[in-house]
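# Examination of the molecular architecture
Listed below, chain by chain, are the residues.
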Amino acid sequence: MLVLENLSFEVEGEKEILKAINLTIDSGKLIAITGPNGGGKSTLARIIAGVVKPTKGKIFFKGQDITAAGITERAKMGISFGFQQPVRFKGITAHDLINIATGKTLTVLEASHYLSEVGLCAKDYIHREMNDKLSGGEIKRIEIATILARNTSLSIFDEPEAGIDLWSFNHLIDVFRKMHSDIDGSIIIISHQERILEVADEIIAMVNGEIVKQGSKESVLPELINCSDPKNCMYCQDILEEEEA
Amino acid sequence: MNEITKDLMKQVTGLDELPKGAYNIREDSKSVARQSSENIKIVSKEDKSGIDIIVKPNTPSEHVYIPALVSCGGITDLVYNDFYIGENADVIVIAGCGVSTGDSCDGSQHNGIHRFFLAKNSHVRYVEKHIGVGEGTGKRVIDPETVVEQEEGSFMEMETTQIKGVDSTVRVTKAILKENAKLVIKEKLMTHGEQIAVSKFEVDMDGKNSSVNLISRSVARDNSKQTFISKITGNTQCMGHSECDAIIMDHGVVSAIPQITANSVDATLIHEAAIGKIAGDQMTKLMTLGLSEKEAEEKIIDGFLS
């Protein structure tokens with residue numbers, strides 16, 4: 001489904017953000033990518049969606065080299081990307097955005113289905129503008145609804161839990177679980193949340209632009225969670241930084 | 001009515017045929033069709049070109065259509081329309097003008113001077129569209145002036161739209177608000193080519209608890225230039241808000257010039273202005289949903305001006 005070959009990303013004069021990543025993601029899998037902030041996870045997701053161009057390496061999607069393909073082309077081939085910080089628009093409603101996502105003109109009832117899926121009362125949100133009057137959690141859920149509506153072979157979510165309250169978070173886990181069982185495609189979720197990692201088939205840990213661990217949740221999760229010495233643990237950098245701050 | 005006029009009328013008012021109720025259709029400087037209703041009387045002015053629209057007190061929700069259409073080049077039309085809205089009346093005024101140069105190289109111009117006198121607790125929704133068409137090389141010019149005087153507890157909502165087509169426009173809107181009077185103005189504007197548009201608002205809030213909310217959304221493309229001037233004065237306990245939100249593209253230029261004056265410690269006045277190009281992440285987001293760059297740009301602008 002998706003193959004990354006020696007994928008690197010370097011900002012001139014700065015550090016290498018991704019270092020020769022090699023990764024294969026099979027059809028129908030739910031993959032969680034985790035690791036400390038600044039480890040290169042979001043950059044990797046943005047490169048797969050075509051938002052950022054890699055400085056080296058190749059990307060293959062359904063057997064085709066898409067390294068040079070633009071964002072639109074990749075979207076049309078079946079790649080969806082949920083932003084960590086959803087973009088706000090003046091005058092574009094949730095209904096408009098779902099229409100754009102599906103490429104069709106849906107009835108209010110049809111479009112509402114996707115909002116209900118993410119736990120929003122469709123009646124209250126379908127005509128709402130995607131502007132700054134929506135809370136972080138509301139706009140995030142609508143963002144996820146647009147990805148559900150696209151129903152593509154590959155859906156990438158960049159920290160879907162960011163900005164979401166606890167009640168919504170519980171629902172979010174169910175959304176991913178249901179999505180995984182309903183669609184044929186693969187799902188990549190970038191997350192720090194243990195409970196999201198638990199629903200994944202496979203977990204990838206990224207630190208300093210490299211994949212340091214990859215495997216089934218049974219093999220990777222205990223190591224990530226049961227850390228005996230946080231000071232010497234590369235995965236715990238975030239937690240220690242937060243505590244110091 | 002010729003085909004150009006029919007088309008202009010459809011674009012300005014949304015009507016295919018003459019409406020029911022009160023209307024006055026102005027074509028090439030003359031009133032060509034008119035009808036009064038039981039509650040809304042339309043009469044010609046005696047001293048100058050134009051009409052008086054007199055709405056009876058307590059008129060329940062009723063429409064009145066007053067489009068002005070200029071169908072060929074070389075015409076300069078100047079009209080004075082006065083609206084007298086009776087106490088507790090509720091009307092929707094569908095106004096606006098369409099100018100066509102036809103295939104002439106002479107320009108067409110329509111200058112409409114509208115005055116509104118809203119009696120106590122009356123309610124007016126004023127919808128105005130400006131349309132410019134025609135293959136002719138002459139300039140299409142629309143310079144409207146609107147003066148509003150609102151008595152106690154009255155409400156007026158003005159929606160004005162001008163999307164492309166008009167080469168030059170200078171719009172002046174003045175309002176005086178008495179106690180508990182509310183004014184809402186929503187302006188939508190898109191200019192392109194070498195077009196020039198100036199919008200100037202002057203609102204005086206003289207009555208306690210009066211309020212004005214002025215919202216302008218505009219897009220300036222190519223080499224067009226826009227100027228937005230809002231002058232709001234609060235003379236008592238009142239609430240004034242103006243917002244100028246503009247997208248600039250190509251070599252478009254937008255100036256927002258606010259002037260808010262509080263002559264009372266109880267006046268609350270706010271001005272917000274944001275001018276800039278389309279945000280890159282908005283384009284990226286819509287492209288990740290499968291739109292091309294051009295389609296994404298169109299969607300963003302359509303939404304912004306919707």
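Since this is a predicted model, take the numbers as computed values, not measurements.

### As for the overall build of chain A
- Counting secondary structure elements, chain A contains ten helices and ten strands.
- Since a compact globule built from 245 residues should have a radius of gyration of about 18 Å, the 18 Å found for chain A is in line with a globular shape.
- Classification of the 245 residues of chain A by burial places 43% in the buried group.
- Long-range contacts, defined as pairs at least 24 residues apart, comprise 65% of the intrachain contacts of chain A with a sequence gap of at least 6.

### Some words on the overall build of chain B
- A tally of regular secondary structure across chain B gives three helices and 21 strands.
- Considered along the principal axes of its C-alpha atoms, chain B spans approximately 55 × 55 × 35 Å.
- Looking at chain B residue by residue over its 306 residues, the buried ones come to 45%.
- Within chain B, residue pairs in contact and separated by at least 24 positions form 81% of the contacts whose partners lie at least 6 positions apart.

### Observations concerning the nonpolar core
- Among the nonpolar cores identified, the biggest contains 86 residues, and Ile48(A), Leu115(A), Ala145(A) and Ile189(A) are the most heavily contacted of them.
- Counting residues in hydrophobic clusters, the runner-up holds 54 residues, among them Ile66(B), Val91(B), Ile94(B) and Phe201(B).

### Here's the deal with the environment of Asn37(A)
Residue and element names in this part refer to chain A.
- Locating Asn-37 in the fold gives a position in the loop between strand E3 (30-34) and helix H1 (41-49).
- Looking at Asn-37, the number of C-beta atoms within 10 Å reads 11, which means it is exposed.
- In the structure, Asn-37 is positioned 170 residues away from Val-207 in sequence and 8.5 Å away in space, judged by C-alpha atoms.

### Quick look at the packing of helix H2 (residues 280-288) of chain B against helix H3 (residues 293-304) of chain B
All names here are of chain B.
- Interhelical geometry of H2 versus H3 gives an angle of 115 degrees and a closest axis separation of 9 Å. With respect to the hand of their crossing, H2 and H3 are arranged in right-handed fashion. Between H2, through Gln-282, Met-283, Leu-286 and Met-287, and H3, the contact on the second element is made entirely by Glu-293, Ala-296, Glu-297, Lys-299 and Ile-300.
- In terms of residue class, the contact of H2 with H3 is built from five nonpolar, one polar and three charged.

### With respect to the interface of chain A and chain B
- Contacts between the two partners involve 20 residues from chain A and, on the opposite side, 16 residues from chain B.
- Here the side of chain A that touches chain B gets four residues from one element, more than from any other, and that element is helix H2 (residues 71-77) of chain A.
- Counted by class, the side of chain A that touches chain B contains eleven nonpolar, five polar and four charged residues.

### Observations regarding H1(A)
- Burial runs high along H1(A): eight of the nine residues are buried.
- Remark: Gly50(A) follows H1(A) within two positions and exhibits a positive phi of approximately 90 degrees.

### Topic: the sheet that holds E3(A)
Residues and elements named next belong to chain A.
- Overall, mixed pairing links the six strands, which are arranged E6-E7-E8-E3-E9-E10 in an open sheet. Across the chains shown, the open sheet's two edge strands, defined by having one partner strand only, are strand E6 (79-82) and strand E10 (210-216). On average, adjacent strands in this sheet sit at an angle of 15 degrees to one another, irrespective of strand direction.
- Examined bridge by bridge, E3 and strand E8 (residues 186-190) share four bridges and lie parallel to one another. When the sheet's bridge partners are listed, Leu-30 is paired in E8 with Ile-187.
- With respect to the sheet, H1 is in contact with E3, E6, strand E7 (154-158), E8 and strand E9 (202-207), its orientation differing from that of E7 by roughly 145 degrees.

### Section: the environment of Asp106(B)
- When you line up the elements, Asp106(B) lands in the loop between strand E8 (90-100) and strand E9 (108-118).
- Dropping the residues within four chain positions of it, Asp106(B) is found in contact with Gly73(B), Gly74(B) and Gly138(B).

### Topic: the sheet that holds strand E2 (residues 16-25) of chain A
Residues and elements named next belong to chain A.
- Spatially, E2-E1-E4-E5 is the arrangement adopted by the four strands of the open sheet, whose pairing is antiparallel. Both outer strands of the open sheet, E2 and strand E5 (64-65), are each paired with one neighbouring strand and no more.
- Two elements, strand E1 (residues 2-10) and E2, share six bridges in a ladder whose sense is antiparallel. Within E2, the position partnered with Leu-7 by the bridge is Ile-21.

### Some words on the pairing of strand E19 (residues 238-248) of chain B
Residue and element names in this part refer to chain B.
- In this structure, strand E17 (residues 210-220) lies alongside E19, joined through eleven bridges in parallel fashion. Note on E19: the bridge partner recorded for Ser-211 is Met-239.
- Pairing of E19 with strand E21 (residues 267-276) involves ten bridges; the strand directions are parallel. Looking across to E21, one finds that Cys-238 is bridged to Ala-267.

### Quick word on the packing of helix H4 (residues 108-117) of chain A against helix H6 (residues 136-150) of chain A
All names here are of chain A.
- As a packed pair, H4 and H6 sit with axes 8 Å apart at the nearest point and diverge in direction by 120 degrees. By the angle between their directions, the pair H4 and H6 is classed as oblique. Seen along the crossing, H4 lies across H6 with a hand that is right-handed. Residue-level inspection shows Tyr-114, Leu-115 and Glu-117 of H4 in contact with H6, the latter providing Ala-145, Leu-148 and Ala-149.

### Examining unusual backbone geometry
- Phi at Asn6(A) is positive, roughly 45 degrees, even though this residue is not glycine.
- Within the element layout of this structure, Asn6(A) appears in strand E1.
- Exposure remark for Asn6(A): the 12 C-beta atoms within 10 Å place this residue in the exposed category.
- With a phi angle near 50 degrees, Asp250(B) is a residue other than glycine that sits in the positive phi range.
- Within the secondary structure, Asp250(B) is located in the loop between E19 and strand E20 (253-262).

### Quick look at H3(B)
- Taking 1.5 Å of rise per residue, the twelve residues of H3(B) would be expected to cover 16 Å, and the 17 Å separating its terminal C-alpha atoms lies within 8% of that figure.
- Taken together, the buried positions of H3(B) are occupied by Ala296(B), Lys299(B), Ile300(B), Gly303(B) and Phe304(B). Buried positions in H3(B), seen along its axis, are confined to an arc of 130 degrees and lie on one side of it. Exposed residues on H3(B) whose side chains face more than 90 degrees from its buried face are Lys294(B) and Asp302(B).
- Against helix H3 (94-102) of chain A together with E17, E19 and H2 of chain B lie the buried residues of H3(B).

### Examining the confidence of the model for chain B
Residue and element names in this part refer to chain B.
- Per-residue confidence for chain B averages 91 on the pLDDT scale, and 99% of its residues sit at or above 70.
- Mean pLDDT across the secondary structure elements of chain B bottoms out at helix H1 (residues 3-13), with 79, and peaks at H2, with 97.
- Across the interface, the model reports ipTM at 0.92; the global pTM reads 0.86.

Parameters at a glance
Residues numbered from 1 in each chain as written. Chains lettered and ligands numbered in written order. Predicted model: local features only at pLDDT ≥ 70, side-chain atom pairs only at ≥ 80, totals over all residues. Helix = DSSP H or I, 4+ residues; strand = E, 2+ residues; numbered from the N terminus. Rg over C-alpha atoms; globule rule 2.2 N^0.38 Å. Buried ≥ 20, exposed ≤ 12 C-beta atoms within 10 Å, placed from the backbone. Contact = placed C-beta atoms within 7 Å. Core = buried A, V, L, I, M, F, W, Y, C linked by C-beta atoms within 7 Å. Axes fitted to C-alpha atoms, helices over the stretch in contact; angles between N-to-C directions. Left-handed = near helix turned anticlockwise from the far one by under 90°. Nonpolar A, V, L, I, M, F, W, Y, C, P; charged D, E, K, R; others polar. Pairing = 2+ DSSP bridges. Parallel < 35°, antiparallel > 145°, perpendicular 65-115°, else oblique. Expected span 1.5 Å × (residues − 1). Arc of directions from axis to C-beta. pLDDT = per-residue confidence, 0-100.

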